[in-house]
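Spelled out, the chains give:
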Amino acid sequence: MNKLPFLLLLAAGILSIATGCGKKDNPVPQTESSRFQWASVEAFPTANDCIALQGTLTGSWNRADSYMLELERVASETDASLPPELRTTQNSCLDCPFQADEHIELKPSSRQNEDHKSTMTFLACPRQKAKAYRWRLTARSNLKFMPYETSPTGLLNMSR
């Protein structure tokens with residue numbers, strides 16, 4: 001028997017396995033037309049210790065499908081019950097990397113859409129109360145594996 005056809009078939013199989021097929025990374029938008037970004041985001045304290053937010057998405061804002069507020073409690077005073085040598089302000093490193101204590105899923109309470117932007121308002125009531133919060137707002141795309149769009153980190157003082 002001739003071994004040549006068998007060896008050619010074996011070589012073709014090994015070659016196809018070794019090269020794989022397709023790209024193995026998560027897809028990313030190829031053009032700016034499939035992305036959206038926060039143009040502006042603001043937060044305000046409300047009378048009932050909740051947080052009102054207003055944000056404007058630009059670009060393909062209609063691809064944004066869910067929203068999340070991330071909060072990091074910030075202490076604004078030292079603990080007076082401790083001896084003076086042990087008093088430190090807890091969780092008050094404003095230059096440290098952001099580390100959320102709480103995540104709140106949001107739905108827009110109002111929305112105003114225009115050609116290239118959408119302005120939304122949200123209301124969030126944190127479970128863990130604080131005198132101040134570091135915060136950021138995240139929008140997720142309705143396209144699987146697309147990157148999230150996160151606003152810059154803000155600081156909100158809850159005293160009115």
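Residues numbered from 1 in each chain as written. Predicted model: local features only at pLDDT ≥ 70, side-chain atom pairs only at ≥ 80, totals over all residues. Heavy atoms only, no water.

### Re the overall build of the chain
Basically, it comes down to this: Secondary structure counts use DSSP, requiring at least four H or I residues in a row for a helix and at least two E residues in a row for a strand, with both numbered from the N terminus. Relative accessibility under 20% of the residue-type maximum defines a buried residue, over 50% an exposed one, and the middle range a partly exposed one, all with a 1.4 Å probe and only protein chains included. Should any heavy atoms of two residues lie within 4.5 Å, those residues are considered in contact. Accessible areas in this description were obtained via Shrake-Rupley with a 1.4 Å probe; residue shielding takes into account the shown protein chains only.
The helix and strand inventory of the chain stands at one helix and nine strands. Starting at the N terminus and walking to the C terminus, you meet the elements of the chain as α-β-β-β-β-β-β-β-β-β. Sorting the 160 residues of the chain into buried and exposed places 30% on the buried side. Long-range pairs, those at least 24 residues apart, make up 67% of the contacts in the chain between residues at least 6 apart in sequence. A total accessible area of about 10900 Å² is found for the chain, and carbon and sulfur atoms account for 54% of it.

### Focus: the confidence of the model for the chain
In plain terms, the rule: Per residue, pLDDT measures the predictor's confidence, with a range of 0 to 100.
For the chain, mean pLDDT is 79; residues scoring 70 or higher make up 72% of the total. Note on residues 85-89: pLDDT is under 50 here. Beyond four places in sequence and across chains, it has nine contacts.

### As for the pattern of salt bridges
For the record, the criterion: Counted as salt bridges are all cases of a side-chain nitrogen of Lys or Arg within 4 Å of a carboxyl oxygen of Asp or Glu.
By the definition in use, this model includes six salt bridges. A salt bridge links Arg134 to Glu72; the shortest N-O distance between them is 3.2 Å. Here Glu72 lies in strand 3 (residues 64-74) and Arg134 lies in strand 7 (residues 132-141), a separation of 62 residues in the sequence. Since its relative accessible area comes to 7%, Arg134 is described here as buried. Using a relative accessible area of 11% as the deciding quantity, one classes Glu72 as buried. Arg140 is paired through a salt bridge with Glu105; the nearest N and O atoms lie 2.9 Å apart. Placement of the pair is Arg140 in strand 7 and Glu105 in strand 4 (residues 102-106), with a sequence separation of 35 residues. A relative accessible area of 15% means that Arg140 is categorised as buried. Given the relative accessible area of 52%, Glu105 is considered exposed.

### Overview of the pairing of strand 7
Quick reminder of the rule: Only strands joined by at least two bridges in the DSSP assignment are considered to pair.
Burial runs high along strand 7: nine of the 10 residues are buried. Judged from the 10 bridges that link them, strand 3 and strand 7 form a sheet pairing that is antiparallel. For Leu69, the partnering residue across the bridge sits in strand 7 and is Leu137. Bridge count for strand 7 against strand 9 (residues 154-157) is four bridges, and the pairing is antiparallel. Residue pairing in the sheet places Tyr133 in a bridge with Leu156 of strand 9. Strand direction decides the pairing type here: strand 7 and strand 8 (residues 149-150), joined by two bridges, are antiparallel. Counterpart to Ala139 in the pairing with strand 8 is Glu149.

### Describing the environment of Leu137
Turning to its location among the elements, Leu137 is positioned in strand 7. Along the backbone, Leu137 and Gly55 are 82 residues apart, and their C-alpha atoms lie at a distance of 8.6 Å. When near neighbours in sequence (up to four residues on either side) are disregarded, Leu137 contacts Trp38, Val41, Met68, Leu69, Leu106, Phe122, Glu149, Thr150 and Ser151.

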